[in-house]
Amino acid sequence: MRPNKRDELVRKALQVFYRDGFHATGMDKLVVETGVSKTSMYKHFRTKEDLILAALRLRDESFRNWLLRRIEEVADTPAEQLIASFDALREWFEEDGFRGCMFIKAGAEYQDADHPIHVQAAEHKRLLLEHFTRLARDAGVDDPAKLASQIVLLQEGAIVSAVLLKNTSPAKDAKEAAQQLLEIAQG
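Residues numbered from 1 in each chain as written. Predicted model: local features only at pLDDT ≥ 70, side-chain atom pairs only at ≥ 80, totals over all residues. Heavy atoms only, no water.

A.B. asks: Quick one: what's the story with the overall build of the protein chain, residue by residue and with numbers?
C.D. replies: In terms of regular secondary structure, the protein chain is built from nine helices and zero strands. In sequence order, the secondary structure elements of the protein chain are arranged as α-α-α-α-α-α-α-α-α. Counting only C-alpha atoms and orienting by the principal axes, one finds that the protein chain spans roughly 60 × 30 × 30 Å. Looking at the protein chain residue by residue over its 187 residues, the buried ones come to 42%. Put simply, of all contacts in the protein chain between residues at least 6 apart along the chain, 64% involve residues at least 24 apart. Approximately 9,900 Å² of the protein chain is accessible, and the part contributed by carbon and sulfur atoms is 49%. If you average the places of the 27 positive and of the 30 negative side-chain charges in the protein chain, the two averages end up 8 Å apart. (Helix = DSSP H or I, 4+ residues; strand = E, 2+ residues; numbered from the N terminus. Buried < 20%, exposed > 50% of the residue type's maximum accessible area, 1.4 Å probe, protein only. Contact = heavy atoms within 4.5 Å. Areas by Shrake-Rupley, 256 points an atom, 1.4 Å probe, with all protein chains shown as cover. Lys, Arg positive; Asp, Glu negative; His and termini not counted. Charge placed at Lys NZ, Arg CZ, Asp CG, Glu CD.)

This is the structure:
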């Protein structure tokens, strides 16, 4: 399988894992869904877990790039960008096929903190927290790490609520709470 075929396999597997979950998706299902034989899959990925890790890396890169770019498109200042993150989340919630956060799912399905899939999921969240901490610092708030942690907590809660409630209102509610937290943090 050529490298671009490998990338195509990862993209297709990502879609299946996102839709159906990790444990519920076996290699036989991936063969049917991706059109790639087991032999070809195992040439590039020793295990299903290796394929999951590749899919998570792709999702991390594509999602973070989209989110951070979208936030910068709709807001100019760091403070506005913190709040605009909830507008971007609302847009995501409105997408056909929205099924929540793949990294929350990965952490739930692979709960051992030392498991490579759990570690990859946690790294995605750490990178987002780092970005929002930088925005909070650039916004000049008193305690950037605390505000960023609170903002990310609101984002995560909005994501889970949007999935469970099957609507986009958690993004609006979380945005309002974030605005209040930002006002308090700015003194």
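Here the narrative resumes.
A.B. asks: Summarise empty space enclosed by the protein; cite the residues concerned and give the values.
C.D. replies: Applying the stated criterion across every chain, the model contains one cavity of 30 Å³ or more. Roughly 80 Å³ of volume is contained in the largest cavity. Looking at the largest cavity, the residues that line it are Phe63, Leu67, Ser85, Leu89, Cys101, His124, Lys125, Leu128, Phe132, Gln155, Glu156 and Ile159. Breaking the lining of the largest cavity down by element, the ones donating at least two residues are helix H4 (48-74), helix H5 (78-93), helix H7 (116-138) and helix H8 (144-165). Tallying contributions element by element places H7 first for the lining of the largest cavity, with four residues. Among the residues making up the lining of the largest cavity, the classes are represented as seven nonpolar, three polar and two charged. (1 Å grid on protein atoms, 1.4 Å probe; cavity = no way out; pocket = protein on both sides within 12 Å on 5 of 7 lines; lining within 4 Å. Points joined across faces, edges and corners; volume = space filled by probe spheres on them. Nonpolar A, V, L, I, M, F, W, Y, C, P; charged D, E, K, R; others polar.)

A.B. asks: Residue-level account of the side chain of threonine 133, with values.
C.D. replies: Note that threonine 133 resides in helix H7. Engagement of the side chain of threonine 133 in a polar contact is seen with the backbone oxygen of leucine 129, the distance being 2.8 Å. (Polar contact = N/O pair within 3.5 Å; in protein donor to acceptor, adjacent residues only side chain to side chain.)

A.B. asks: Let's hear about the nonpolar core: which residues, and what values?
C.D. replies: Considering soluble globular proteins, one finds that nonpolar side chains tend to be buried as a cluster. If you look at the biggest cluster of nonpolar residues, it comprises 57 residues, and the most contacted ones within it are Phe17, Trp92, Phe93 and Phe132. Taken together, the elements giving at least two residues each to this core come down to helix H1 (3-20), helix H2 (27-34), H4, H5, helix H6 (102-109), H7, H8 and helix H9 (169-185). Beyond its immediate sequence surroundings of up to four residues, phenylalanine 93 is in contact with Phe98, Ala158, Ile159, Ala162, Thr168 and Ala171. (Core = buried A, V, L, I, M, F, W, Y, C linked by side-chain atoms within 4.5 Å.)

A.B. asks: Which residues make up the environment of alanine 84, and what values do they have?
C.D. replies: Here alanine 84 shows up in helix H5. Expressed as a C-alpha distance, the spacing of alanine 84 and glycine 26, which sit 58 residues apart in the sequence, is 38 Å. Ignoring any residue separated from it by four or fewer positions in sequence, one finds alanine 84 in contact with Ile71, Val74 and Ala75.

A.B. asks: Explain the layout of surface pockets residue by residue, including any values.
C.D. replies: Looking at the largest pocket, its volume works out to about 170 Å³. In terms of lining residues, the largest pocket is bounded by Arg11, Leu14, Gln15, Tyr18, Leu58, Arg59 and Ser62. Counting only elements with at least two residues in the lining of the largest pocket, the list comes to H1 and H4. Top contributing element to the lining of the largest pocket by residue count: H1, with four residues. Tallied by class, the residues present in the lining of the largest pocket amount to three nonpolar, two polar and two charged.

The values are spatial; any link to function lies outside them.
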